[in-house]
Amino acid sequence: MNNLSLASLRVYLSPWLHISTGGISLIMIGSIILAGTLFQINWDQGNQIKANITQVSAQIRSLQYQQQQLVNFELSQKKHIKTFSEFQKRRFEDSLMPEHIHLQFQRWQKAYKIESLSLKFGSQNVYQKDLKLWTVPVTVNLKLLQDHQFYQLLERVQQELPGKVVLKNFSLKRNTPLTPHMLHQISQGKKDVNMFEGKIEFDWVHYQAEKTPANNGKSCP
Amino acid sequence: MRFGYVWQVSSWQKVLNKLRYFCLSLWRRLGENYPENYFSLILQGPTLYVVRFVGNHAVQETCFDISQNDFHNVNEILNKFPDYPLQILLHGEDSQFRLVSLKRVRWWDCAPLLKQAKENEFSNTDWHQTQPAGCRQDRYRYLLMGLHPSLYLQKLIKNLQSQANPVFGLQLWSVVLAHMIFENLRQQRLDHSLKEWTLILHQLDKDYWQLIVCQNQGIVLTRQGPLNKTLSKHSLAQEILTTLRYLNRKDYKEGEPVTVITSGFDTPLVFEDIPELQVITLDQHYDKKTRTLNYFSIRRQLYSYFTRKQPTLAAFERPELRLHRLAFSLPQYFISLGVPSILFLVLGSFLLFGYNYSYQKEYAFLLQQQAGYLLPADIEKKLQTGKLFHAYQTLTTYRPVPILRNLVKVMTPYGVATEIKWHTFEKGAGLVYSHLDINLTLDNRFFDKLIHPTMGKTTLNDYQKKIEKFFTKGERDVSLQWEPSVTKSTLNLRVEYPEKSSKESVYE
């Protein structure tokens, strides 16, 4: 076998050294590179346009969705005028802190002449993460002289407290047992004076732009 | 200045000459074949001719008597030009042709079946090759060619392998001749008039004729016989009839038109007795010693691409010879693969350009549509408010105060509540249920003994029913339970509200 000798290597090279074979091969390589580049450019451009189209259609879908949301909001606003005015009154879209309701309770204590009032905040939990809505369990312990003070406070808490109150539990108890004399007085429509102990537990749902963990488990006298 | 001008002219002439040479070379390459300098070894009967070609012209011819079995003289000539490729042309060697059809065979089964066919058709000592010979009716048809090498041919090949010269291939004169004739007809644009079955009848020698039978320009079989000068016309017509009768066993149908190409005869042949024959007479005399080495031309490559016709000419490939042949076929493959890939890329580019144009239009349309959406500047804030409002709406709670106030009206003056408890329990999956516990202290004076001045006589049972009615008035599913009390003067009531979703409210 003499195939792989130096002489045969020359034979392998000789067709390529010939001006026509070599020239045509070079032209072909050049043409392949040119055609390949052309193909590549078109291919890339096609991909780019497709990506752009996907992006723009996604944007258009988002715009359509936003527009739809806006229309829905406006319709709902018109349909539930009362609820919306309540929503605005309750400052539900404002960023609220536990200090807000603490101040409010202090004001109510003075207004209704409540003997003692203590507030206790539980640990803050997320209610809806995308909307930055948080929920805080709140416990209010009360000591009062008249039961209607409790009902008034409970109604105020549910109607006027900024944010939204989801009532969980409440209890109202007389400290001293009723005597037949007191019963007689109450049935006659006279003043029902007793020492009452009240407790209100509710979840306070509010919007808070930035969470402040310092408020967790805070107790106010 | 004058000298500079002359120099300029001569340098330009040199460049122009080079360019002219390059263009001429390319032009020749397109039309003609390459290489131009080579040896042609022709084995004919008891003689071996060694012909040296320079620039495609035979310049030296030497004859050897093969009975001597001595390659010394042959090697001497070859060693003078070790880089000249060798072409071996066999004239009258014992060769066989077979057509094998692999119609309705899956392409991945073709290779083993062809191998099996080769082993069945030819003996172990035969040299054979396969060539696709597709036609419209049967695209998976192959031509098997077998060659039974004589002892001298085997020795000659063995000797040539030890030489430096590359061996281009081993070809049969009948195959080369058929190819040359078809090439000639193609140049004269007569190939369209050829029928499916073509018979090439030519004078092999002074005393012999040869008949090459082709189907779709691929050789099916060859026959040869002595030339009887006195009865040549009659006997040759008889031979053709016998051959056609034999072809009935193959795909040929009786009465089907056949083309007969005659060449090399001194007197033109006429076959008036056989009406289905179409006769083409070629004046040209094909000489095996003066033919050029048919290596490859780009024009033929392109032609075979577009017409899907396989070249009739192919060399026998023996494993030992293949390596050298690769030297010549590699550029051929390179060019033949380059042409379709360039075509594919250019066509693909145009197609992509068209597609991109349509996509561009769509993109412009979408951009226009996007610009059409006019949303207020504070959209983000409004949407946030909208979402918060929706959340506010879904957040509902119990409001027991109004009902408790009314309850006081129902309870008094018969009883007074000492303890009120409201419990809401979460049951999971957004369900809540709640109950209200009321401890009542009764004013026993009103029941049975005394009649209330404004409300009349009331029993304890009536009082309980009155309270039950108050609770079940709005909510039908509410269940009430009077729990047993320690003393007569107290009553314990538990009001249980049914399970509800936390999104719904009992009172709102």
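Residues numbered from 1 in each chain as written. Chains lettered and ligands numbered in written order. Predicted model: local features only at pLDDT ≥ 70, side-chain atom pairs only at ≥ 80, totals over all residues. Heavy atoms only, no water.

J.: Sorry, what's going on with the overall build of chain A here?
T.: Within chain A one finds 6 helices and 6 strands. Secondary structure elements of chain A occur, N-terminal to C-terminal, as α-α-α-α-β-β-β-α-β-α-β-β. The buried share among the 221 residues of chain A stands at 43%. Taking contacts inside chain A between residues at least 6 apart in sequence as the whole, the part at least 24 apart equals 71%. For chain A, the exposed surface amounts to about 12200 Å²; the carbon and sulfur share of it is 57%. (Helix = DSSP H or I, 4+ residues; strand = E, 2+ residues; numbered from the N terminus. Buried < 20%, exposed > 50% of the residue type's maximum accessible area, 1.4 Å probe, protein only. Contact = heavy atoms within 4.5 Å. Areas by Shrake-Rupley, 256 points an atom, 1.4 Å probe, with all protein chains shown as cover.)

J.: I would appreciate a short explanation of the overall build of chain B in the present structure.
T.: Looking only at helices and strands, one finds 11 helices and 17 strands in chain B. The buried share among the 508 residues of chain B stands at 45%. Of the contacts formed within chain B by residues at least 6 apart in sequence, a portion of 62% connects residues at least 24 apart. Of the roughly 28600 Å² of accessible surface on chain B, a fraction of 54% belongs to carbon and sulfur atoms.

J.: Would you mind showing me how to read the sheet that holds strand 5 (residues 95–101) of chain B here?
T.: Residue and element names in this part refer to chain B. Spatial strand order, 5-7-6: 3 strands in an open sheet with antiparallel pairing. A strand with exactly one partner marks an edge of an open sheet, and here the two such strands are strand 5 and strand 6 (127–132). The average angle at which neighbouring strand axes cross in this sheet is 20°, direction not considered. One ladder, built from 6 bridges, connects strand 6 with strand 7 (residues 141–147); its direction is antiparallel. Within strand 7, the residue paired with Pro132 across the bridge is Tyr142. Contacts from helix 3 (residues 107–121) reach strand 5, strand 6 and strand 7 within the one sheet, and its direction differs from that of strand 7 by about 35°. (Pairing = 2+ DSSP bridges. Axes fitted to C-alpha atoms, helices over the stretch in contact; angles between N-to-C directions.)

J.: How do you make sense of a nonpolar patch on the surface when you look at a structure like this?
T.: Residues A:Trp16, A:Leu26, A:Ile29, A:Ile33, B:Leu326, B:Leu330, B:Tyr333 and B:Phe334 make up a contiguous nonpolar surface patch of about 730 Å² in total accessible area. When contributions to the nonpolar patch are tallied by element, the ones reaching two or more residues are helix 2 (19–79) of chain A together with helix 8 (319–372) of chain B. When residues of the nonpolar patch are assigned to their parent elements, the largest contribution, 4 residues, is made by helix 8 of chain B. By secondary structure assignment, the location of B:Leu330 is in helix 8. (Patch = residues over 30% accessible without salt bridge, like charges linked within 9 Å, V, L, I, M, F, W, Y side chains within 5 Å. Salt bridge = Lys/Arg side-chain N within 4 Å of Asp/Glu carboxyl O.)

J.: Is there a simple way to explain helix 5 (residues 173–187) of chain B in this structure?
T.: Three- or four-residue spacings in an α-helix give side chains the same orientation, since the helix completes a turn every 3.6 residues. All names here are of chain B. If you check helix 5, its first and last C-alpha atoms are 21 Å apart, about what 15 residues at 1.5 Å a residue would give, namely 21 Å. Counting buried positions over the 15 residues of helix 5 gives 14, a clear majority of the element. Arg189 sits one or two positions beyond helix 5 and adopts a positive phi of about 55°. (Expected span 1.5 Å × (residues − 1).)

J.: I keep staring at the sheet that holds strand 8 (residues 167–172) of chain B and nothing clicks. Help me out?
T.: Strands pair in a sheet through their backbones, by hydrogen bonds, and they do so in one of two ways: parallel or antiparallel. Residue and element names in this part refer to chain B. Spatially, 3-2-1-4-8 is the arrangement adopted by the 5 strands of the open sheet, whose pairing is mixed. Both outer strands of the open sheet, strand 3 (57–65) and strand 8, are each paired with one neighbouring strand and no more. Shown here is a sheet whose adjacent strand axes are inclined to one another by a mean of 20°, direction ignored. Summarising the sheet, strand 1 (residues 38–44) and strand 4 (residues 86–91) pair through 6 bridges and their orientation is parallel. Bridged to Ile42 within strand 4 is Leu89. Contacts from helix 5 reach strand 4 and strand 8, with the element oriented near 85° to strand 8.

J.: Please clarify how the side chain of B:Gln217 should be interpreted in this entry.
T.: Within the secondary structure layout, B:Gln217 lies in the loop between strand 10 (208–215) and strand 11 (218–226). In this structure the side chain of B:Gln217 is engaged in a polar contact, spanning 3.1 Å, whose partner is the side chain of B:Arg186. (Polar contact = N/O pair within 3.5 Å; in protein donor to acceptor, adjacent residues only side chain to side chain.)

J.: How do you make sense of empty space enclosed by the protein when you look at a structure like this?
T.: It is a probe the size of a water molecule, rolled over the atoms, that shows where empty space is left. Residue and element names in this part refer to chain B. Inspection of the entire model under this criterion finds 4 cavities of 30 Å³ or more. In this structure, the second largest cavity encloses a volume near 60 Å³. In terms of lining, the second largest cavity is formed by Phe64, Asp65, Ile66, Gln68, Asn69, Asp70, Phe71, Asn73, Val74 and Tyr152. When residues of the lining of the second largest cavity are traced back to their parent elements, those giving at least two are strand 3 and helix 2 (72–80). Residue composition of the lining of the second largest cavity, grouped by class: 5 nonpolar, 3 polar and 2 charged. (1 Å grid on protein atoms, 1.4 Å probe; cavity = no way out; pocket = protein on both sides within 12 Å on 5 of 7 lines; lining within 4 Å. Points joined across faces, edges and corners; volume = space filled by probe spheres on them. Nonpolar A, V, L, I, M, F, W, Y, C, P; charged D, E, K, R; others polar.)

J.: Help me understand the confidence of the model for chain A in this model?
T.: Parts of the prediction with low pLDDT should not have their coordinates interpreted in detail. Residues and elements named next belong to chain A. Of all residues in chain A, 90% attain a pLDDT of 70 or more, and the chain-wide mean is 82. Mean pLDDT in chain A bottoms out at strand 6 (residues 219–220), which sits at 44, and peaks at helix 2, which reaches 91. Of the regions scoring below 50 in pLDDT, residues 213–221 engages in 21 contacts with residues more than four places distant in sequence or in other chains. (pLDDT = per-residue confidence, 0-100.)

J.: I'm lost on the interface of chain B and chain A in this one. Help?
T.: Note on interface size: it is often stated as the accessible area lost on association of the parts. Listed per partner, the contact involves 87 residues of chain B and 82 residues of chain A. Carbon and sulfur atoms supply 69% of the area that chain B and chain A bury against each other, a total of about 8200 Å² over both sides. Taken as a group, B:Phe389, B:Tyr392 and B:Leu395 account for 10% of the area that chain B buries against chain A, more than any other trio of residues on that side. Applying the counting criterion to the chain B and chain A interface returns 1 salt bridge. Of the charged contacts in the structure, one is a salt bridge between A:Glu155 and B:Arg405, with a shortest N-O distance of 3.0 Å. Linking chain B with chain A are 15 residue pairs in polar contact (both at pLDDT 80 or more), by the criterion used here. Among the elements that line the side of chain B that touches chain A, the one with the most residues is helix 8 of chain B, at 29 residues. Looking at the side of chain B that touches chain A residue by residue, the class counts come to 49 nonpolar, 23 polar and 15 charged. Where strand 4 (residues 164–174) of chain A and strand 14 (residues 415–428) of chain B come together, 4 bridges link them in antiparallel fashion. Among the inter-strand pairings, A:Lys173 is bridged to a residue of strand 14 of chain B, identified as B:Glu419. (Buried area = accessible area lost by both parts, 1.4 Å probe.)

J.: Please clarify how the pattern of salt bridges should be interpreted in this entry.
T.: Note that side chains of opposite charge can pair when their charged atoms are close. A full pass over the atoms with the stated rule returns 12 salt bridges over all chains. A:Glu160 is the partner of A:Arg156 in a salt bridge, and the nearest nitrogen-oxygen pair spans 2.9 Å. One end of the pair is A:Arg156 and the other is A:Glu160, both in helix 5 (residues 147–160) and 4 residues apart, which spans about a single turn. Among the ionic pairs, B:Asp437 bridges to B:Arg494, the shortest N-O distance being 2.8 Å. Of this pair, B:Asp437 sits in strand 15 (residues 431–442) while B:Arg494 is found in strand 17 (residues 490–501), placing the two residues 57 residues apart along the sequence. The exposure class of B:Asp437 is buried, given its relative accessible area of 15%. Under the relative-accessibility criterion, B:Arg494 is labelled partly exposed at 23%.

J.: For this particular structure, what's the right way to read unusual backbone geometry?
T.: Positive phi is not limited to glycine here, since A:Lys113 has a value of about 55°. Following the sequence through the fold, A:Lys113 ends up in the loop between helix 4 (98–111) and strand 1 (116–121). The phi dihedral of B:Arg189 is positive, around 55°, even though this residue is not glycine. One can find B:Arg189 in the loop between helix 5 and strand 9 (197–203).

J.: It is not clear to me how the packing of aromatic side chains should be interpreted in this structure. Could you clarify?
T.: Centre-to-centre distance and the angle between the planes together describe a pair of aromatic rings. Following the criterion strictly, the structure yields 25 aromatic pairs over all chains and no others. Ring centres 5.5 Å apart and planes at 70° place the aromatic pair A:Phe87 and B:Tyr392 in the edge-to-face group. With A:Phe87 in helix 3 (residues 81–89) and B:Tyr392 in helix 9 (residues 379–394), this residue pair bridges two chains. For the pair shown, A:Phe87 and B:Tyr392 are each scored as buried. (Phe/Tyr/Trp six-rings, centres within 6.5 Å; stacked < 30°, edge-to-face > 60°.)

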